[in-house]
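Structural description and commentary
One-letter residues, chain by chain:
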Amino acid sequence: MVRKSSLKLLLGVGLIAILAGCASVYEDGQKSDTGTSTTPTAGEPIVIGALLPLSGSEVALGLPMQRVLQVAAKKINDAGGINGRMIKLEFDDGACASDAANKAINNLVSIKKVKVVIGGACSSETLAAAPVVEANKVVLLSPAASSPKITTAGDFIFRNYPSDSAQGQILAEYANKKGFKKVGMIVEEQPYTEGIADAFSAAFEKLGGKVVTEKYAQNASDFRTQITKLQAASVDMFFVDTQAPDKAGIVVKQLVEAGVKAPYLLNDVAIGAMDEVVKTGNVEGSVGAEVPYDKTYPDLAKLQESYKALSDGKEMPYMSYMAPTYDSLFIIKEAIEKVGEDPVKIKDYLYTVKGRKGLAGTLSFDSNGDPTSDYRHELKMVKDKAVVEYKE
């Protein structure tokens, strides 16, 4: 498939004129210059699909994302909706599994007739949904899926979360700088985790290191065999690369039981689940990489307050995922305000998004529908059982 770089030639002067009228401000919490005035009209709700893991162990990620989207939808609707029409979210369960995601996306596209879908949360969901949305010309915007394979998944597939190519690269550079020679990876058999493993391995080996990988099935709960094999291989650093947050805690617990002491390398799910992981064993000094968010964002406090109201007082977790999730609905709102509900026009508009400021930072889409390279992971470390900015 010839992907998205050719679109710049097709969009032409008209979209350039649209861009010239856009202001670089916080697009959802502040005054926004749309370039043209639009008179709101009443009508049926604008239905937007959401493909999330709402069952299984990954519900620990999917349920918070659902709540964040509900908060965002309420904010938009309370302000008058999109051109006077309310947003209606249609959620379906991808269960972080290809089969479930395929069934869910077909329901959203064929039965619910949505023209835009936010999701999946997991790379497996997004990759399973991609052929369906591509064939039906439905826009898919994922705020969390990070497999490098998504880059070439289709012309209607976008994400406002960076590829794991960046996460693997930055962790490989860190491991090399610290003098590690052989890294043992415990990897869940999922596109997301395998994407990290592939990227890390390629980068680390290019720097002269070696990687030994032990994989496990999605439903596994005992990782002692993998740990024992890596110990026998005399690795000098263990990398915990799990899809489900609870699995990260189990792996750490079994590492500690096997006499493997921290620090470890952690993927962004593992370091994002630190409140749970620290209950299972000592991870002090461990290093991972997360996507940063804008802590000065004007509506952050209100978002956190609204989230707590939906979650029986619980704090909003996984901010590196929740920030782009919150932004995603406003990105779609802005697209529909600009060009209407035609998914082809929405797709073309998204390729023109440059310098958009939101909770997750400043976003520009490249010719593949990925964030540009300045929108990437940063090193974090565990200190006093909390995740903080990495410091030497």
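Notes on the structure in this doc start here. Keep in mind that what you see is a predicted model, and the values were worked out from it rather than measured.

What about the pairing of strand β13 (residues 378-383)?
Bridging between strand β10 (residues 287-290) and β13 involves 4 bridges; their strand directions are antiparallel. Residue pairing in the sheet places Gly-288 in a bridge with Lys-380 of β13. Connecting the antiparallel pair β13 and strand β14 (residues 386-389) is a turn made up of 2 residues, with Asp-384 showing a positive phi of about 55°.

Thoughts on the packing of helix α3 (residues 98-111) against helix α4 (residues 123-136)
Orientation of α3 relative to α4, taken along the N-to-C sense of each, is 35°, at an axis distance of 8 Å. Relative to α4, α3 is oriented so that their crossing is right-handed. Where α3 approaches α4, its residues Ser-98, Ala-101, Asn-102, Ile-105, Asn-106 and Val-109 are matched on the opposing element by Ser-124, Glu-125, Ala-128, Ala-129, Val-132, Val-133 and Asn-136.

Here we look at the state of the cysteines
For the structure shown, the criterion picks out 1 disulfide. Across a sulfur-sulfur distance of 2.0 Å, Cys-96 and Cys-122 are joined as a disulfide pair. The sign of the -115° torsion about the S-S bond sets the Cys-96-Cys-122 disulfide as left-handed. Separated by 26 residues along the polypeptide, Cys-96 in the loop between β2 (87-93) and α3 and Cys-122 in the loop between β3 (116-119) and α4 bring together distant segments of the chain.

Regarding the pattern of salt bridges
Inspection of every chain in the model, using the stated rule, returns 17 salt bridges. We note a salt bridge from Lys-177 to Glu-392, for which the minimum N-O separation is 3.0 Å. Taken together, the residues span a long stretch of sequence, with Lys-177 in helix α5 (residues 164-177) and Glu-392 in the segment after β14 at a distance of 215 residues. One salt bridge in this structure joins Glu-392 and Lys-178, with 3.6 Å as the shortest N-O distance. Taken together, the positions of Glu-392 in the segment after β14 and Lys-178 in the loop between α5 and β6 (182-188) put the pair 214 residues apart, joining distant regions of the chain. A single salt-bridge network, built from bridges that share partners, covers Asp-155, Lys-347 and Asp-348.

Some points on the nonpolar core
Core analysis: the largest hydrophobic core is formed by 101 residues, its most contacted members being Phe-200, Leu-329 and Leu-350. In terms of residues, this core owes the most to one element, helix α12 (residues 319-339), which gives 11 residues. Leu-350 has contacts with Val-139, Phe-158, Ile-331, Ala-335 and Phe-365, leaving out every residue within four places of it along the chain. By size, the runner-up hydrophobic cluster in this structure holds 17 residues, among which are Val-114, Val-117, Ala-129 and Ala-130.

Observations regarding the layout of surface pockets
Its boundaries defined by the atoms lining it, the largest pocket holds a volume of some 790 Å³. What lines the largest pocket is a set of 32 residues, and nearest its centre among them are Gly-272, Ala-273, Asp-275, Pro-317 and Tyr-318. Elements supplying a minimum of two residues to the lining of the largest pocket: α2 (59-78), α8 (245-257), α9 (268-272), α10 (274-277), α12 and β14.

Side note on the sheet that holds β14
The sheet built from 7 strands is open, its strands ordered β7-β6-β8-β9-β10-β13-β14 with mixed pairing. Lying at the two open borders of the sheet, with one neighbouring strand each, are β7 (210-216) and β14. In this sheet, β10 lies alongside strand β9 (residues 265-266) in parallel orientation, the contact comprising 2 bridges. From the neighbouring strand, Leu-265 faces β10, where its bridge partner is Val-287. Sitting on the sheet, α5 is in contact with β8 (237-241), β9, β10 and β13, with an inclination near 150° to β10.

Side note on unusual backbone geometry
Of the consecutive residues Gly-119 and Gly-120, the connecting peptide bond is found in the cis state with omega at -10°. Position of Gly-120 among the secondary structure elements: in the loop between β3 and α4. Residue Pro-263 is bonded to the preceding Ala-262 through a cis peptide linkage, with omega at 15°. Phi at Lys-137 takes a positive value of approximately 55°, unusual for a residue other than glycine. For Lys-137, the position within the fold is in the loop between α4 and β4 (139-142). According to the relative accessible area criterion, Lys-137 is partly exposed, its value standing at 46%.

Re the sheet that holds β4
Taken in spatial order, the 5 strands of this open sheet run β2-β1-β3-β4-β5, and their pairing is parallel. Edge positions in the open sheet fall to β2 and β5 (157-159), since each of these has one partner strand only. Shown here is a sheet whose adjacent strand axes are inclined to one another by a mean of 25°, direction ignored. In terms of strand pairing, β4 meets β5 through 3 bridges, oriented parallel. Bridging from a neighbouring strand, Leu-140 pairs with Ile-157 of β5. Against the sheet, α4 contacts β1 (46-52), β3, β4 and β5, and its axis sits at roughly 165° relative to β4. Helix α13 (residues 343-350) contacts β3, β4 and β5 of the sheet and is inclined by roughly 40° relative to β4.

Examining the packing of aromatic side chains
The description of two aromatic rings rests on the distance between their centres and on the angle between their planes. The full count for this structure, using the stated rule, is 9 aromatic pairs. Seen from their ring centres, Tyr-174 and Tyr-390 are 5.4 Å apart, and the 85° between their planes marks the pair as edge-to-face. Residue Tyr-174 is found in helix α5, and its partner Tyr-390 is found in the segment after β14; the two are separated by 216 residues along the sequence. On the basis of relative accessible area, Tyr-174 is assigned to the buried category, the value being 10%.

What counts, and at which threshold
Residues numbered from 1 in each chain as written. Predicted model: local features only at pLDDT ≥ 70, side-chain atom pairs only at ≥ 80, totals over all residues. Heavy atoms only, no water. Pairing = 2+ DSSP bridges. Helix = DSSP H or I, 4+ residues; strand = E, 2+ residues; numbered from the N terminus. Axes fitted to C-alpha atoms, helices over the stretch in contact; angles between N-to-C directions. Left-handed = near helix turned anticlockwise from the far one by under 90°. Contact = heavy atoms within 4.5 Å. Disulfide = S-S within 2.5 Å. Salt bridge = Lys/Arg side-chain N within 4 Å of Asp/Glu carboxyl O. Core = buried A, V, L, I, M, F, W, Y, C linked by side-chain atoms within 4.5 Å. Buried < 20%, exposed > 50% of the residue type's maximum accessible area, 1.4 Å probe, protein only. 1 Å grid on protein atoms, 1.4 Å probe; cavity = no way out; pocket = protein on both sides within 12 Å on 5 of 7 lines; lining within 4 Å. Points joined across faces, edges and corners; volume = space filled by probe spheres on them. Phe/Tyr/Trp six-rings, centres within 6.5 Å; stacked < 30°, edge-to-face > 60°.

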